[in-house]
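# Reading the structure
Listed here are the chains, written in short residue letters.
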Amino acid sequence: MQQDRDVLIVGAGPTGLALAIALADAGFTATVLDAQPREALAAPAEDGRDIALTHASVATLRALGLWQRLLPEEIGRIREARVMDGDRQHSALSFNAHGHGADALGWIVPNHALRRVSFAAAAQRPGLRLMDSAQALRIGTLSTHAELEFGTSPGAPHHLRGRLLVAADSRCSWSRRQLGIAADMHDFGRTMIVCRMQHDLPHDDVAYECFGYERTLAVLPAAGHVSSVVVTTDAAAAAQLLALPERAFATLVERQFRGRLGRMQLLGQRFAYPLVAAYASRFAALRSALVGDAAVGMHPVTAHGYNLGLQSITSLTHALCAARAANQDIGAATVLAGYERRHRRDSALIYHGTNAVAKLYASTGAPQRFARQLILRAAQHLPPLKAAITARLTGQGGLQLPGAAP
Ligand SMILES: Cc1cc2nc3c(=O)[nH]c(=O)nc-3n(C[C@H](O)[C@H](O)[C@H](O)COP(=O)(O)OP(=O)(O)OC[C@H]3O[C@@H](n4cnc5c(N)ncnc54)[C@H](O)[C@@H]3O)c2cc1C
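Keep in mind that what you see is a predicted model, and the values were worked out from it rather than measured. (Residues numbered from 1 in each chain as written. Predicted model: local features only at pLDDT ≥ 70, side-chain atom pairs only at ≥ 80, totals over all residues. Heavy atoms only, no water.)

### Considering the packing of aromatic side chains
Inspection of the entire model under this criterion finds four aromatic pairs. Seen from their ring centres, Y279 and Y351 are 4.7 Å apart, and the 40° between their planes marks the pair as tilted. With Y279 in strand 16 (residues 264-280) and Y351 in helix 9 (residues 333-362), the pair connects residues that are 72 residues apart, well separated along the chain. Accessibility classification places Y279 together with Y351 in one group, the buried group. (Phe/Tyr/Trp six-rings, centres within 6.5 Å; stacked < 30°, edge-to-face > 60°. Helix = DSSP H or I, 4+ residues; strand = E, 2+ residues; numbered from the N terminus. Buried < 20%, exposed > 50% of the residue type's maximum accessible area, 1.4 Å probe, protein only.)

In structure tokens, the structure reads:
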């Protein structure tokens with residue numbers, strides 16, 4: 001065996017890196033391994049995703065020293081969110097943070113920026129080892145420890161040993177499969193096109209979700225006169241939208257958005273994501289745990305995937321710190337069962353609720369349209385429901401490491 005660590009993490013995406021940093025800051029040793037080369041991890045290419053972050057997530061990013069590394073022009077603010085239904089001019093449902101002790105519902109940050117700052121911070125943490133260009137080959141979990149075999153070509157495979165192995169390798173997780181953990185996968189048969197657009201009029205920090213009958217359009221406020229635009233439609237229509245010349249695409253978005261932002265212009269590329277959600281049947285097994293999309297891969301319509309990922313690493317880190325304080329083995333089944341319970345409680349309702357919303361809005365039939373109108377009207381006129389949704393976005397919380405000021 002080459003090396004003994006407390007925790008081995010497969011996947012240096014934003015969740016795996018955040019976990020590695022949290023564990024290093026809590027005094028654990030960790031190795032995080034990723035198949036991508038170092039350059040791609042250190043300076044990730046734009047991928048079109050803009051991530052809406054809740055207050056609790058920003059608190060976690062601050063606690064890990066990641067938020068402070070973002071550039072001011074990378075951070076957009078969401079003051080208000082409006083949901084539009086069909087061709088109606090006025091919003092069917094709206095949210096703001098008034099009365100919740102906050103001046104914003106949340107923030108918007110490009111995914112590649114989150115990845116960049118996570119890698120830079122992780123690379124500077126003593127106690128944390130990053131293995132890039134490393135292809136995981138085999139996982140073994142025993143009652144005493146976990147083993148990981150990986151290859152970096154050329155040469156013989158390497159071996160690592162840890163008290164716990166964590167899968168953070170995305171929704172089609174190779175590690176999850178190796179651990180024998182099943183997942184419910186749901187293919188929505190829809191594709192999401194994401195891009196950034198510049199516009200003449202200010203967005204006033206308002207986010208829009210426009211549920212059209214053929215396609216859904218979300219427009220999220222980035223910094224300046226720039227918005228993150230998300231179009232969801234079926235695969236054939238998505239292919240046509242991607243093939244449209246830039247000006248024709250911009251005109252189509254302007255029209256569906258009823259010119260609210262004036263003339264719009266595409267900035268950079270359009271990216272397509274087929275929509276497949278995943279929910280693992282277990283979040284823990286013998287000396288192993290799942291975090292991030294490997295545990296719960298969300299449909300992006302409610303913008304909760306990475307927020308849940310940060311919640312998973314917070315719950316796992318708290319569980320491991322509590323185990324150490326009680327002189328318990330961090331890979332013990334009882335410790336991991338605590339993490340599993342907590343993350344299931346945090347994720348089950350939002351996951352199934354999001355899937356229900358996504359399915360309702362993917363249907364164009366008259367009964368579904370009627371159901372949508374009823375639900376939106378009920379939500380708009382039901383203050384406790386609106387308050388609960390807003391509280392989820394603005395609620396405090398996030399990672400607290402032992403010894404850190406509350
Ligand atoms: C269009 C879109 C919009 C979104 N918007 C939001 C939003 O507004 N708010 C929000 O909270 N979330 C949002 N999300 C979700 C968010 O992007 C994900 O939840 C988040 O990126 C998941 O991070 P992760 O680290 O778990 O996985 P990933 O980012 O997928 O990273 C996984 C890593 O594992 C590595 N890997 C994979 N397999 C292996 C292997 N076998 N060996 C070694 N390494 C491996 C990969 O190279 C990668 O680096 C959105 C997603 C999409 C697609």
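On we go.
### Observations concerning the site of the ligand
Looking at the ligand, there are 32 residues lining it, with D34, R49, A52, S170 and D293 nearest. In this structure, a nitrogen atom belonging to the ligand sits 3.3 Å away from a main-chain N or O atom of A35. Note that an oxygen atom of the ligand is positioned 2.7 Å from one of the side-chain N or O atoms of D293. Notes on the ligand: free accessible area 1,000 Å², of which the protein chains cover 90%. Mapped onto the shell around the ligand, the elements with two or more residues apiece are helix 1 (14-25), strand 3 (50-53), strand 12 (183-199) and helix 8 (305-325). For the shell around the ligand, the residue count by class is 17 nonpolar, nine polar and six charged. (Near = heavy atom within 4 Å. Polar contact = N/O pair within 3.5 Å; in protein donor to acceptor, adjacent residues only side chain to side chain. Areas by Shrake-Rupley, 256 points an atom, 1.4 Å probe, with all protein chains shown as cover. Nonpolar A, V, L, I, M, F, W, Y, C, P; charged D, E, K, R; others polar.)

### Thoughts on the environment of A237
The residue A237 is located in helix 6 (residues 235-243) in this model. Take A237: its relative accessible area is 22%, and that puts it in the partly exposed class. Placed 46 residues apart in sequence, A237 and T191 show a C-alpha to C-alpha distance of 8.8 Å.

### Notes on the nonpolar core
By size, the foremost hydrophobic cluster in this structure holds 105 residues, and its most contacted members are V7, I9, L148, L316 and L320. Ranked by residue count, the leading element in this core is helix 8, at nine residues. In this structure, L316 is in contact with L19, V166, A289, V291, L336 and Y339, ignoring residues within four places of it in sequence. Ranked by size, the runner-up nonpolar core spans 20 residues in total, among them I193, C195, V229 and A250. (Core = buried A, V, L, I, M, F, W, Y, C linked by side-chain atoms within 4.5 Å. Contact = heavy atoms within 4.5 Å.)

### Some remarks on the packing of helix 1 against helix 8
Two elements in contact, helix 1 and helix 8, have axes whose closest approach is 9 Å; the angle formed by their N-to-C orientations is 25°. Taken together, the axis directions place helix 1 and helix 8 in an arrangement best described as roughly parallel. Viewed along their axes, helix 1 and helix 8 form a crossing whose handedness is right-handed. Only Y306, G309, L310, S312, I313, L316, T317 and L320 of helix 8 make contact with helix 1, whose side of the interface consists of P14, T15, A18, L19, A22 and L23. Partitioned by chemical class, the residues of the contact of helix 1 with helix 8 number ten nonpolar, four polar and no charged. (Axes fitted to C-alpha atoms, helices over the stretch in contact; angles between N-to-C directions. Parallel < 35°, antiparallel > 145°, perpendicular 65-115°, else oblique. Left-handed = near helix turned anticlockwise from the far one by under 90°.)

### Describing the environment of D132
Tracing the backbone through its elements, the reader meets D132 in the loop between strand 8 (128-131) and strand 9 (135-141). Classification of D132 by relative accessible area gives partly exposed; the value is 22%. When the C-alpha positions of D132 and L41 are compared, they lie 8.0 Å apart, and in sequence the two are 91 residues distant. D132 has contacts with D34, Q36, P37, R38, L41 and T152, leaving out every residue within four places of it along the chain.

### Re the sheet that holds strand 7 (residues 106-110)
Taken in spatial order, the three strands make up an open sheet running 3-7-4, and their pairing is antiparallel. Of all strands in the sheet, those with a lone pairing partner are strand 3 and strand 4 (76-78), marking the two edges. Neighbouring strand axes in the sheet, compared pairwise and without regard to direction, differ in orientation by 30° on average. Inspection of the sheet shows strand 4 paired to strand 7 by three bridges, in the antiparallel sense. Of the residues in strand 7, the one forming a bridge with G76 is I108. (Pairing = 2+ DSSP bridges.)

### Observations regarding the sheet that holds strand 19 (residues 296-297)
If you trace the eight strands from one edge of the open sheet to the other, you get 6-5-13-14-15-12-16-19, paired in mixed fashion. The open sheet has two edge strands, strand 6 (93-96) and strand 19, and neither has a second partner. For strand 12 and strand 15 (residues 226-234), the ladder comprises nine bridges, and the chain directions are antiparallel. Residue pairing in the sheet places Q198 in a bridge with V226 of strand 15. Across the sheet, helix 7 (residues 246-256) touches strand 12, strand 13 (206-211), strand 14 (216-221), strand 15 and strand 16, and the angle it forms with strand 16 is around 70°.

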